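# Descriptive structure summary
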Amino acid sequence: MPHTTPLLVFSHSPLYKYYRNWNFWTDDAEQVQTILKPYQHVTVIHGHTHQMLYNQIGNISFYGMLSTAWPWPYAPTGLPPLTIQMNRADPFDQFDGLGDGRINARADGLADKIYSLWDRNPVTVKADYLVSHGKTARPPAPQFASY
Amino acid sequence: MTRRSIALATAAGCAAIFAAVAHAPRLCAQQAPPLPVHQVPDSKNGGTVVMLCDGKTSVEVKGLKPGESMTHAQAVEVTRELMAQWQREHPNEKWEMAKTVQSSQPIPAPPPASGADAAAKATGAKLQSKGTQQGDTYASFTDRDYKVWKNETDNFVAEGKQLFHDGAAIGGTIGVSCDMCHPDASNTHPETYPKYQVQLQRVALLRDMIDWCIENPVKGKALDPNDTRLRALEAYILAQRKGVALDYGKH
């Protein structure tokens, strides 16, 4: 397969190392990333972490999906620097911080992520934000980040 | 079923759980034992009996009916009489009155508590090093004391950790436990209480929020503030935030 072919990879866990104590972690992440490295445009969509979470490692963009059951707090260390935290979930609203979402695969080989939060306004994270390493298209900041 | 038989049934159920997880600390539904109180002797003349903080020395304020407030003059007389009585009963204790005027005379250090010294010698326990103040309650504590207290505290925190990871143990009915939303007690921010909890429309303490979670996501019954399980949960949550600055009212 030519390396110009855009790749969309779906995995349960994040294919990188975030926070081992909570198993926000993939032991052989480096091996997977080595396989994906030759391709120009790679987007990994993953679950497991139950929060708005995104990362950029080399040519690989990562988007974590929301949960439909319960939101996790952000881990105390290891949060990818590009991730802008979502507001803390309101414990009195059982659907707050939860949601679904969609991926817009673009003609240029990149992919944008729309977080469709059920009880909040949707948040779009554009691939431009990730591939520019935060220089453009910065998503909105939270009022109350995680403790 | 009488109240007594309910209590027995609960205790039996708890024992069964305990047996299933031998060696694991496990708190059951029970009230924390009452704190020790000084037993004030009955009044002999219909007045009010006031006790010194030693829990032994007491005087009766004649003519002051129980529940009435004493005058300033009566209060001064009570302190004088209590102190005089204590000194009569402890003739060998050195007591220095606080000085209101700067004295040019150096105040001699009280001798070390001989009882504690002897006990330390017998057990090999180490007393506070020389050069620190001696002879008071705190100076007589040994390394062993500190170890015992640390163990007691750590065990209580460990009990709280168990409960934090066991929804059924805190009365949950749907298999939800605290750690599912708060791994390592994250996002519990005990250092921010008391604070106005807008959803409750009142100022809340940490225990109010623990009870709220037990009643709602965990689908149990709120625990009494004196329930040992609530106390252990509080201990665990606070222990996770050791070193974090208190910041009450923060949102």
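## A short note on the overall build of chain A
Looking only at helices and strands, chain A has two helices and seven strands in total. Seen in sequence order, chain A has helices and strands lined up from the N terminus as β-α-β-β-β-β-β-β-α. In summary, chain A has a C-alpha radius of gyration of 15 Å against a globular reference of 15 Å for 147 residues, a match within 12%. Seen through its C-alpha atoms, chain A measures out along the principal axes to roughly 50 × 35 × 25 Å. Residues classed as buried in chain A amount to 31% of the 147 residues present. Taking as baseline every contact in chain A between residues at least 6 positions apart, the subset at least 24 positions apart corresponds to 51%.

## With respect to the sheet that holds strand β6 (residues 111–117) of chain A
Each strand in a sheet pairs with another by means of backbone hydrogen bonds, the pair being arranged parallel or else antiparallel. Residue and element names in this part refer to chain A. Taking strand neighbours across the sheet as the criterion, the three strands line up as β5-β6-β7 in an open arrangement whose pairing is antiparallel. Lying at the two open borders of the sheet, with one neighbouring strand each, are β5 (99–105) and β7 (123–125). Geometrically, the sheet is characterised by an average inter-axis angle of 20 degrees between neighbouring strands, direction not taken into account. Sheet topology note: the β5/β6 ladder contains seven bridges and is antiparallel. Bridge assignment links Gly 101 to a residue of β6, and that residue is Tyr 115.

## So, the pairing of β6 of chain A
All names here are of chain A. Most of β6 is tucked away: five of the seven residues are buried. Taking the residues between adjacent antiparallel strands as the criterion, β5 and β6 are bridged by five residues, where Gly 109 takes a positive phi near 95 degrees. Note: β6 against β7, three bridges, orientation antiparallel. Its bridge partner lying in β7, Tyr 115 is registered against Val 123. Joining the antiparallel neighbours β6 and β7 is a turn of five residues.

## Let's talk about unusual backbone geometry
Cis peptide bonds are those with omega within 30 degrees of zero, and the linkage from Tyr 193 of chain B to Pro 194 of chain B qualifies with 0 degrees. Mapped onto the secondary structure, Pro 194 of chain B falls in the loop between α4 (143–164) and β3 (195–197). The phi angle at His 50 of chain A is positive, at roughly 55 degrees, despite the residue not being glycine. One can find His 50 of chain A in the loop between β2 (42–46) and β3 (53–57). With a phi angle near 55 degrees, Asp 184 of chain B is a residue other than glycine that sits in the positive phi range. Within the secondary structure layout, Asp 184 of chain B lies in the loop between α4 and β3.

## Focus on the interface of chain A and chain B
Counting residues at the interface gives ten residues for chain A and ten residues for chain B. Within the side of chain A that touches chain B, the residues separate by chemical class into eight nonpolar, one polar and one charged.

## So, the sheet that holds strand β4 (residues 60–64) of chain A
All names here are of chain A. Spatial ordering of the open sheet is given by β1-β2-β4-β3, a layout of four strands whose pairing is mixed. The sheet is open, and its two edges are formed by β1 (7–11) and β3, each paired on a single side. Strand-to-strand, the axes of this sheet are offset by a mean angle of 15 degrees, without reference to chain direction. By the bridge criterion, five bridges tie β2 to β4 in an arrangement that is parallel. Its bridge partner being in β4, Val 42 is matched across the sheet by Ile 60.

Reading the values: the criteria
- Residues numbered from 1 in each chain as written.
- Chains lettered and ligands numbered in written order.
- Predicted model: local features only at pLDDT ≥ 70, side-chain atom pairs only at ≥ 80, totals over all residues.
- Helix = DSSP H or I, 4+ residues; strand = E, 2+ residues; numbered from the N terminus.
- Rg over C-alpha atoms; globule rule 2.2 N^0.38 Å.
- Buried ≥ 20, exposed ≤ 12 C-beta atoms within 10 Å, placed from the backbone.
- Contact = placed C-beta atoms within 7 Å.
- Pairing = 2+ DSSP bridges.
- Axes fitted to C-alpha atoms, helices over the stretch in contact; angles between N-to-C directions.
- Nonpolar A, V, L, I, M, F, W, Y, C, P; charged D, E, K, R; others polar.

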